[in-house]
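Listed below are the residues making up each chain.
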Amino acid sequence: MGLVVNNNVPGAGVHALIVGVSNYLNLPDAGDTSSDETWNLNKLSSPALSAFKIFEFLTTVGLRLPLKTVRLLLSPSPAELQVEPRLANATPTRASRAAFTAMAAEWRKDASNNAEDMTFFYFAGHGTQRGSEDSVLMLDDFLTSDASLNECFEMHNLRSGMAPTPKRPNIALTQFYFVDACMDRNAKLRTFLNPTVPQVFGIELSDADRREAPMIFSTVDGTIALGRSRKPSHFCQALTQAFERGAEEPNPVTEKWSVTATTMKNALDYYYDKNKLGTHVTMGSLVGSPVIRHLAGPPDVDISVEVQPDDLGLPCAIDVLDENSIAIAGCNPDAKTKFDLTIKAGFYRVQVNSGRLKSTPFRSKGRPFMKPTLDPWTHNLVPLLKPES
Amino acid sequence: MADPKATLTFKLDTPPNQRWSGALPIEVRDEKLILRARGVSDDSLEVPPGRYYVTALLPNGDQSTVDGVIVEAGENKQLNIPLSDVVFPATLQTTDTLSDSLWEISRPVTQYFFRQSFAILRGNWLAEKFPGTGSQVPLKREPTTRSNLDIPFSREVVWIEIERSKRYNYFAVPVDEAGSTTAEWSLDLKTDKLTVNLDFHDGELNSLLDFVEKSKANEARSISRTLVTRPDYYATKKQSPLRATLGAYVLIRANQLDGLDEWTSNLVASHAWLPDALAVRVEYLARSGRHPEALKLLLEIPKSGTPLFRSGISYLADRAKTYASLGAEGKSGLQASAADMARLEKISQVFNDLAMALDMSLSTSALRQVPALKPE
């Protein structure tokens, strides 16, 4: 299940490498005390499930291009296996450093044949961030050898190794990297004078680097892990939602709505804000505007409408009108002056019918809603009220 | 023959003396909401004849839309976009009061109670980490009890030190040539969250930084692209090395490199005091595959100083690491001497440490829990 190879797909396609590490061999169980010796880290119970969910999305729903190869590497926790028994046989081997190195080499080889291809990398597990361009990520045999970082890898190395070079002039130029890890600034890592992590890829000087290769980190540093026990992580949840709804523009030619690196980041931040996670994702590397998916039509967009004052009196009707001035059915069934609703991305106005207005109905200026927003769309009608008798 | 296009020019009635002014992003959409043009206020855009929604966008997500804008072929229409419904934030002010002065006098006592102390660092502290680099001007450290300051331009860049329980935090205060920056900061005792507010007293620079801070990439790119590709648009405006540098960072992040060769070269030539000029130039050259040139400039970084924007530190750490690891393997092809490679190794180590200490919640450089930076 964990390996899909279909290099016979004509034209461009996607090469994915997905890794989820929960059951760290040398870390104490979740909830047990973890010492400085084990970097104050514990086993996790969400990354393998998250990685599997992403794998399922790619293999069932799909991205902009057809899948050519998918490689999945998991080390699930017992708790995750209870929730999702398919994790037991999902991958041929655990997510060790050796297995990762071998799979990454195959992934790069497959992705080196057509510059129009797209690569997709997702890692969930422990990690620590080094600026907006790098992080050190830990595989399941972390702390097995005397050199503490031997069973880790660096995103800097992975990303640099995927650059176009004279040896690999046709490597996929669209590359997406997602890192779903607690990006806490690990104190232990900072005690190393010059921490070196063994390379996964040998580095060569790149040609002119025309890649569009955004790298999205699930959390900013200093924040707690957002993993959820026995459930896919918030980042995973937000990412799949962004794949399905995170488009903001119709394509001028096809009129399809494109989910790009930038719109995905906006959708992820919206999810984090809405769920009050107290952090935002960070995006680095060569961001560009690569399209990861197309939506057939305008996405659903969450908005909030507020009309002031809140005592407009009865009868009072507040409607949201579309670009043809047709009211959205059932958008405000309780006739509230503040309400949330989900609409298709588009152009809208608010209409208020109230006996307290000097002139009724009031119709607001129109506004395009291309993406969700938490700030209410506020209409202050106080100056338009009839004088109190 | 193709239909002649129409021209739309946009005017915004931005309120005076507020945080944002000048070039704000404009979007022109047709009736299917397809984006037909993107630009900035006071500028002109060409569109096919038709009916449009025109929207002005602000850094906080507010917007103002004019709908039903109809233009005929060949027409040149000026469009005023009202902003009366939109609230502009006020400029940042310092609070230089009598109590501040008294507080300054009583500093030793107040610091004992407040568990935090502040200091202003002026000069290139990075040079101190590279023996022999020899900064021409010694690093200066001036304690203060203030948590907001107006800092006028000087060629000595300014960082603020926040010390708490012998743990040191630093953040950069970029100041534009011939200008001043108001900085206001706090370090939360419970959460350790560092908050830094900056006001450059330049509405265009403030708004560009705010678009970046709020992750509004399309808007920041729109302004930055106009900046780099339309010198005529900016010819009559106040020149701003910080805006020019921030725009370059935005376009490099987007990997939109057209026009950046001359742009980044000019930054280095004209604004040697600004460490970020070198950082954006190094990154541009490396992205373009011009690695020997990038390395040559990278080796100059200790003399120039630590970039004032977070991306600059990350980029330099990234490039130094790549070049150093290639040098260590003896297969760099970078044509560097042994002394250069030794210096590169040291730069890589130092910038690795800096990148690891970066506060990722800020766009400007802030270093968390690092060893004290002391003048010699």
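Higher on the page you've got the structure.
A. Layout of the overall build of chain B. When you go through chain B residue by residue, the secondary structure sums to 12 helices and 15 strands. Its C-alpha radius of gyration of 23 Å places chain B within 12% of the 21 Å reference for a compact globule of 376 residues. Overall, the C-alpha framework of chain B stretches about 70 × 60 × 35 Å when taken along its three principal axes. Going through the 376 residues of chain B one by one, you find that 56% of them count as buried. Expressed as a percentage of contacts within chain B between residues at least 6 apart in sequence, the contacts between residues at least 24 apart total 67%. As presented, chain B carries roughly 15,600 Å² of accessible surface, and 51% of it is formed by carbon and sulfur atoms. When the 44 positive and 48 negative side-chain charges of chain B are each reduced to one mean point, those points stand 5 Å apart.

B. Focus on the sheet that holds strand β5 (residues 50-57) of chain B. Residue and element names in this part refer to chain B. One open sheet accounts for four strands, arranged β3-β2-β5-β6; its pairing is antiparallel. On the outer flanks of this sheet lie β3 (35-40) and β6 (63-71), each paired with one strand and no other. Ignoring strand direction, the axes of neighbouring strands in this sheet form an average angle of 20°. Packed on one face of the sheet, helix α4 (residues 217-229) meets β2 (25-29), β3 and β5 and runs near 65° to β3.

C. Focus on the sheet that holds strand β12 (residues 291-295) of chain A. Residues and elements named next belong to chain A. Spatially, β9-β10-β12 is the arrangement adopted by the three strands of the open sheet, whose pairing is antiparallel. Each end of this open sheet is capped by a strand with a single partner; those strands are β9 (249-250) and β12. Note that β9 and strand β10 (residues 257-260) share two bridges and pair antiparallel. Each residue of the ladder has a partner; that of Glu-249, found in β10, is Ser-258. On top of the sheet, helix α6 (residues 234-245) reaches β10 and β12; it is set at about 55° to β12, its chief contact. Against the sheet, helix α7 (residues 261-274) contacts β10 and β12, and its axis sits at roughly 75° relative to β10.

D. Looking closely at the nonpolar core. Core analysis: the largest hydrophobic core is formed by 115 residues, its most contacted members being Val-28, Val-54, Leu-298 and Phe-351 of chain B. With near-sequence residues (within four places) excluded, Leu-298 of chain B lies in contact with Val-282, Leu-316, Arg-319, Ala-320, Tyr-323, Leu-344 and Ile-347 of chain B. Grouped together as the second largest cluster of nonpolar side chains are 73 residues, Leu-239, Tyr-271, Leu-295 and Val-352 of chain A included.

E. Examining the interface of chain B and chain A more closely. Opposite the 55 residues of chain B that make contact, chain A presents 56 residues. Our count for the contact surface shared by chain B and chain A stands at six salt bridges. Salt-bridge contacts for Asp-134 of chain A lead to Lys-321 of chain B; the nearest nitrogen and oxygen are separated by 2.9 Å. Counting the contacts that link chain B with chain A gives 19 residue pairs in polar contact (both at pLDDT 80 or more).

About the criteria used
Residues numbered from 1 in each chain as written. Chains lettered and ligands numbered in written order. Predicted model: local features only at pLDDT ≥ 70, side-chain atom pairs only at ≥ 80, totals over all residues. Heavy atoms only, no water. Helix = DSSP H or I, 4+ residues; strand = E, 2+ residues; numbered from the N terminus. Rg over C-alpha atoms; globule rule 2.2 N^0.38 Å. Buried < 20%, exposed > 50% of the residue type's maximum accessible area, 1.4 Å probe, protein only. Contact = heavy atoms within 4.5 Å. Areas by Shrake-Rupley, 256 points an atom, 1.4 Å probe, with all protein chains shown as cover. Lys, Arg positive; Asp, Glu negative; His and termini not counted. Charge placed at Lys NZ, Arg CZ, Asp CG, Glu CD. Pairing = 2+ DSSP bridges. Axes fitted to C-alpha atoms, helices over the stretch in contact; angles between N-to-C directions. Core = buried A, V, L, I, M, F, W, Y, C linked by side-chain atoms within 4.5 Å. Salt bridge = Lys/Arg side-chain N within 4 Å of Asp/Glu carboxyl O. Polar contact = N/O pair within 3.5 Å; in protein donor to acceptor, adjacent residues only side chain to side chain.

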